[in-house]
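Chain by chain, the residues:
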Amino acid sequence: MDELLRERARTLANRERQEVDTGTPYLVFLLASERYALPLAGLAGVVKIDRLTAVPGSAPELAGLLNVRGEVRPIYDLKRLLGRDGEEESWTNSLALLTTLSGLAIGLKVSEVGGLLKVSSRVDERATSSYSTGRTETGVTLLDIQLLERHPLFSEEAS
């Protein structure tokens, strides 16, 4: 009887572990009032934008330069990269998602971080933009780092 109970406990523990571990982890964030997410594996960190240095004559998508632990990184306004127009947001209350696009260490300016989300393969695969892979049932638009690399600012033709 003890062996039967141990086997049942192992089976239940494995089932719970499988249910918890399924799906790809994404970081959910806000751009204005819309929720987006990027795969956690493609991100190096999140930092508060405390002092952004403007770059005169740069592309409008470039919000400015930020010193991140002694390294100067260009910070791009993700809302503008996605072609979302709207009210201009102050950078003082923003965050930068640290990542690498086309070999360049950059930051992507977002409004706020909303937490982690595990996404299974069951998503609405109709892309909402040329940089998204679909939308979750809860309305989070899933973005793809490799698709963002296709933006004209990061493509080899722009170099």
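Right above here is the structure, for reference.
Just so we're clear, the structure is a prediction, and the values are computed from it rather than from any experiment.

Trainee: How do you make sense of the packing of aromatic side chains when you look at a structure like this?
Mentor: According to the stated counting rule, one finds two aromatic pairs in the structure shown. Between F29 and Y36, the ring centres sit 6.3 Å apart and the planes meet at 20°, which makes this aromatic pair stacked. Side by side, F29 and Y36 carry an identical accessibility label, which is buried. Between Y76 and F154 the ring centres are 4.9 Å apart and the planes differ by 75°, which places this aromatic pair in the edge-to-face class. Of this pair, Y76 sits in strand β5 (residues 71-77) while F154 sits in the segment after α3 (145-148); the two residues are 78 residues apart in sequence, bridging distant segments of the chain. Accessibility classification places Y76 together with F154 in one group, the buried group.

Trainee: Sorry if this is basic, but what is going on with the sheet that holds strand β10 (residues 141-143) here?
Mentor: In a beta sheet, neighbouring strands pair by backbone hydrogen bonds and run either parallel or antiparallel. Across the sheet, which stays open at both edges, the five strands sit in the order β8-β1-β2-β10-β9 with mixed pairing between neighbours. Strand pairing shows two members of the sheet lacking a second neighbour, β8 (112-119) and β9 (132-135), which therefore form its edges. Adjacent strand axes in the sheet meet at a mean angle of 30°, parallel and antiparallel pairs treated alike. Of the pairings in the sheet, the one linking strand β1 (residues 24-31) to β8 comprises seven bridges and is antiparallel in character. When the sheet's bridge partners are listed, L27 is paired in β8 with L116.

Trainee: What is the right way to read the pattern of salt bridges from this model?
Mentor: A side chain with one charge may pair with a side chain of the opposite charge, provided their charged atoms come close. Under the counting rule described, the total for this entry stands at two salt bridges. Note that E71 is salt-bridged to R73, the shortest N-O span being 3.2 Å. Notably, a salt bridge pairs K109 with D77, separated by 3.6 Å at the nearest N-O pair. Of this pair, K109 sits in strand β7 (residues 104-110) while D77 sits in strand β5; the two residues are 32 residues apart in sequence, bridging distant segments of the chain. Assigned by exposure class, K109 and D77 land together as buried.

Trainee: What is the right way to look at the nonpolar core in this model?
Mentor: Proteins that are soluble and globular tend to have nonpolar side chains buried together. By size, the foremost hydrophobic cluster in this structure holds 23 residues, and its most contacted members are F29, L38, L78, L82, L97, L108 and L148. Contributions of two or more residues to this core are made by β1, β2 (34-39), α2 (78-81), β6 (95-101), β7 and α3. If sequence neighbours within four positions are ignored, F29 has contacts with E34, R35, Y36, A37, L38, L78, L97, V110, E112, V113, G114 and L143. Within the second largest apolar cluster, eight residues are counted, among which are V47, I49, L52 and I75.

Criteria and thresholds
- Residues numbered from 1 in each chain as written.
- Predicted model: local features only at pLDDT ≥ 70, side-chain atom pairs only at ≥ 80, totals over all residues.
- Heavy atoms only, no water.
- Phe/Tyr/Trp six-rings, centres within 6.5 Å; stacked < 30°, edge-to-face > 60°.
- Buried < 20%, exposed > 50% of the residue type's maximum accessible area, 1.4 Å probe, protein only.
- Helix = DSSP H or I, 4+ residues; strand = E, 2+ residues; numbered from the N terminus.
- Pairing = 2+ DSSP bridges.
- Axes fitted to C-alpha atoms, helices over the stretch in contact; angles between N-to-C directions.
- Salt bridge = Lys/Arg side-chain N within 4 Å of Asp/Glu carboxyl O.
- Core = buried A, V, L, I, M, F, W, Y, C linked by side-chain atoms within 4.5 Å.
- Contact = heavy atoms within 4.5 Å.

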